[in-house]
Every structure is written in C-alpha cells, then in structure tokens.
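Breakdown of the fold
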Amino acid sequence: MRFGVFDHLERIPGTPLPELFRQRLELVKLADEGGITGYHLAEHHGCELCMAPNQESFLSAVAAVTTRLRIGPLVKCLPLHAPLSLIQDICILDNLSGGRLDYGVGRGVAPSEHAFFGHSWQEDRQRFDETLDIVVQGLRTGKIDSEGRKFFDFPTIDVAMEPAQTPNPPFWYPGDPKTAGSRGMACVTFARVTADLRQRYLTAWESNKDELGRVDAPGQRPLIGNAEVVAIADSAESAREIVMRAQSGLGRRIRQAHEYDQRVIPPDELEAALGTRRFLQGRRPGDAAVPGPQVPAGTVEMVRENYLAYAEEGNCDYVLLQLPTGDMTHLEAMHTLERFCEEVLPAVTAIGAG
C-alpha cells in the first residue's frame, strides 16, 4: 500500500494567498522528503473550495520544489477545457516534472460550472468522452482532428509537443470503478476499498482490455485507492476533534461551490443535475458525525494500527490523505504528516494489495 495527498487547496479565512501557497509548498516538500508517493489537486471555479483552479500553475511550483513526488490534477474537469490546451499543459507539466505527472480526469461535480463555461451540464458525459479521446490522440500521435466529433470542429492540427512519459502519463478517474477500469485508468473512491469494489474494478479492467478508447500504457497495472481525512494528535479526542472540524469546513465550502446551481439550472432540472453527486454537498456545520472506527484519527499508534489492518485486507493499493482540508490548520496538517511519515509509513508500505 502506498500513500498520497489529495488537496482542494481551500481558501483559509485570515490567511493571505501568498502565505497559503507558501504553507502548501512547505507541506509538499515534507511529503516529498518523507516518502509520500503523490500530490493530487482538485479543480473548482468561483468559490473558496479551490484556490488553484488552473492546477498546472500551482503544480509547476510543486514540481520545482520536489524531486520524486508524483503530481497531477484529481481531477481535471475535461468538459470545461479545449483539447489542444489540455494537451499542451500536460506536455509542459510532464516535462517540467521529469515524467512525474499522474493525470486525473473527470466530468465536474458542480452543474453550475458547466454553465460558467458556456454549455449544459447534461452534455458532460459526451463532452468528457470526446475531449478525452482527442487528448489521448494528441499525446500518442502528435496530431489531433475533429473528424466525427459532435462538439469540436477544427482541421488536423500538429500538436508540436510530446509528454515525457510515453505514450502518455497514467490517467486516473474518481468514483466509478467500471468507467475507470474499462478505459484503463487508476480509480480513486471516497469510501474505503472493499473486496467487492476491487473485484468490480479489476473485472472492468480485464474484460475491456482490447477495447478501443483505452488510455493505459503497455504494461500498466490496475490501481485502486481511496481518499480520506486523517489526523494524528496526542490523544484520540484531540485527533477526532480535528477530523470533525475538517469535515465540517470542507462540507461548508462544497455547499458554497453549489450555490450557483439554483441560479443557472432550471428548477425542473435541478434534482437530476445533483443526482448521485448530492453526497458531495457535505454536512452542515455541527452535523458532522463522530468519526467511526475506520476513520484514521487518533494517536500515532492508533493510526498505524488502522492502516496496518487496512493494508492486510489486501484490497487497496493507494490511500490519498486529505491534508489539510476544511478547518484543519496548517500546523495540524504538518504535525500529522510528519508523524505519519516517520512512524506509520515505514510499517505499512511493505504491505500491498494482492
């Protein structure tokens, strides 16, 4: 089992943006030096949930202060971007990082964000598939065209750039193991990986191995993991309080990201627009449940035992630690990550999924 960091890079009240960015670069340097595998950055627009909506700008700074940490968006909302721009940004970041790019892709969870960029949320699946196909075409062939496309109309274009990793960087997809596996992408969920979930992912990976539209490189292995909040403190009570604050603050900012939905989505479409994404709206402040036994919050010994047990199950390949998130402070995140790298990581990384 390996570990990464998943970050929204949320706005912190009272913290100027230069200080916020400085603090996060301090954290990623600690992650790089401490043996963490990757740093993954979300994309959101027009809200305090994400202060680096153009992820490549901040990830370039991350690449400059790290040497081994794999980096990338999780996710890049493909329907919001032009394929040629995506290809160029991928090539720049993959080369600047020395081939350390892992590229997460998705459709975007806020229906209003699609309206901000001039199209309907109802087109998100079609736009995602079409854009992904063009991006992979450009990375692998050096050329793109819009032949047979619904949303794009341009002649054959020479990309004039190439990624450092051939034929393309690894792609990641959140939430749906069937979509991720069938297209040859790593999968990240927001609940712990069970044996059933892992098997559904592996079945989709293997049964679609010869299908068109695969994005995995030759020899690339399937990988499934999850993201979760973690906190280490001197007592279980203190750690659980940090997690509850983190969950509450994250939920508050996620709700803010959805505030525009009611303004741009017709009332008769709003329920369908939210759909299964409703869980991302989070809990209201004060409603956060006490973290259960699977939530890694406690003393370093408790968190180590938690992850040793999770690794022994053999279902999960990769855990993304949400550090910091919500109303967790920078110092709390740094303390958790430092103790994690020193006293949890060495004991757990030798135990991998079967």
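All values reported here derive from a predicted model rather than from experimental measurement. (Residues numbered from 1 in each chain as written. Predicted model: local features only at pLDDT ≥ 70, side-chain atom pairs only at ≥ 80, totals over all residues. Heavy atoms only, no water.)

Once that is clear, we can look at the pattern of salt bridges. Taken as a whole and judged by the stated rule, the model has 22 salt bridges. Of the charged contacts in the structure, one is a salt bridge between Glu 241 and Arg 245, with a shortest N-O distance of 2.7 Å. Pair noted here: Glu 241 and Arg 245 are both in helix α8 (residues 236-257), with a separation of four residues, about one helical turn. With a relative accessible area of 38%, Glu 241 lands in the partly exposed category. By relative accessible area, Arg 245 is classed as partly exposed at 22%. Shared partners join several salt bridges into a network, and the residues in it are Glu 10, Arg 252, Arg 253 and Asp 327. (Salt bridge = Lys/Arg side-chain N within 4 Å of Asp/Glu carboxyl O. Helix = DSSP H or I, 4+ residues; strand = E, 2+ residues; numbered from the N terminus. Buried < 20%, exposed > 50% of the residue type's maximum accessible area, 1.4 Å probe, protein only.)

Time to look at the environment of Leu 84. Inspection of the secondary structure puts Leu 84 in helix α3 (residues 83-96). Judged by relative accessible area, Leu 84 falls into the partly exposed class, the value being 25%. For the pair Leu 84 and Val 135, spaced 51 residues apart in sequence, the C-alpha to C-alpha distance is 7.3 Å.

With that out of the way, let us pick up helix α5 (residues 124-141). The terminal C-alpha atoms of α5, which comprises 18 residues, lie 25 Å apart, in line with the 26 Å expected from a rise of 1.5 Å per residue. Buried within α5 are the following residues: Asp 124, Arg 127, Phe 128, Glu 130, Thr 131, Leu 132, Ile 134, Val 135, Val 136, Gly 138 and Leu 139. For α5, the secondary structure elements touched by its buried residues are α3, β5 (103-106), α4 (111-116), β6 (143-144) and β8 (171-174). Positive phi shows up at Gly 142, right after α5, with a value of about 80°. (Expected span 1.5 Å × (residues − 1). Contact = heavy atoms within 4.5 Å.)

On to the packing of aromatic side chains. A complete count under the given rule lists 11 aromatic pairs for this structure. Plain terms: the ring middles of Phe 116 and Tyr 260 are 5.3 Å apart, the flat faces sit at 85° to each other, and that makes the pair edge-to-face. Of this pair, Phe 116 sits in helix α4 while Tyr 260 sits in the loop between α8 and α9 (261-264); the two residues are 144 residues apart in sequence, bridging distant segments of the chain. Overall, Tyr 260 belongs to the partly exposed group, its relative accessible area being 32%. (Phe/Tyr/Trp six-rings, centres within 6.5 Å; stacked < 30°, edge-to-face > 60°.)

Before going further, it helps to examine the confidence of the model for the protein chain. Reading predicted coordinates in detail is not appropriate for stretches of low pLDDT. Looking at the protein chain as a whole, its pLDDT mean stands at 91, while 93% of the residues score no less than 70. For the stretch residues 276-293, pLDDT sits under 50, and the model shows 36 contacts to residues farther than four places along the chain or on other chains. (pLDDT = per-residue confidence, 0-100.)

With respect to the helices and strands, the residue Arg 68 is situated in the loop between α2 (55-65) and β3 (70-73). Dropping the residues within four chain positions of it, Arg 68 is found in contact with Ala 31, Asp 32, Gly 35, Ile 36, Thr 37 and Arg 100.

Here we take up the sheet that holds β3. Within a sheet, adjacent strands bond to each other through the backbone by hydrogen bonds, running parallel or antiparallel. Across the sheet, nine strands lie side by side as β3-β2-β1-β13-β10-β9-β8-β5-β4; this open sheet has parallel pairing. The open sheet is flanked by β3 and β4 (76-77), the only strands paired with a single partner. Judged from the three bridges that link them, β8 and strand β9 (residues 186-189) form a sheet pairing that is parallel. Within β9, the residue paired with Trp 172 across the bridge is Ala 186. Against the sheet, helix α11 (residues 300-313) touches β1 (2-7), β10 (224-229) and β13 (318-322), its axis set at about 150° to β13. (Pairing = 2+ DSSP bridges. Axes fitted to C-alpha atoms, helices over the stretch in contact; angles between N-to-C directions.)

This paragraph deals with the state of the cysteines. Counted according to the given criterion, the structure contains zero disulfides. With no disulfide of its own, Cys 91 has Cys 77 as its nearest cysteine by sulfur position, at a separation of 20 Å. Note on Cys 91: relative accessible area 1%, which makes it buried. Free cysteine Cys 316: the closest other cysteine sulfur is in Cys 187, separated by 10 Å. Residue Cys 316 is classed as buried on the basis of its relative accessible area of 1%. (Disulfide = S-S within 2.5 Å.)

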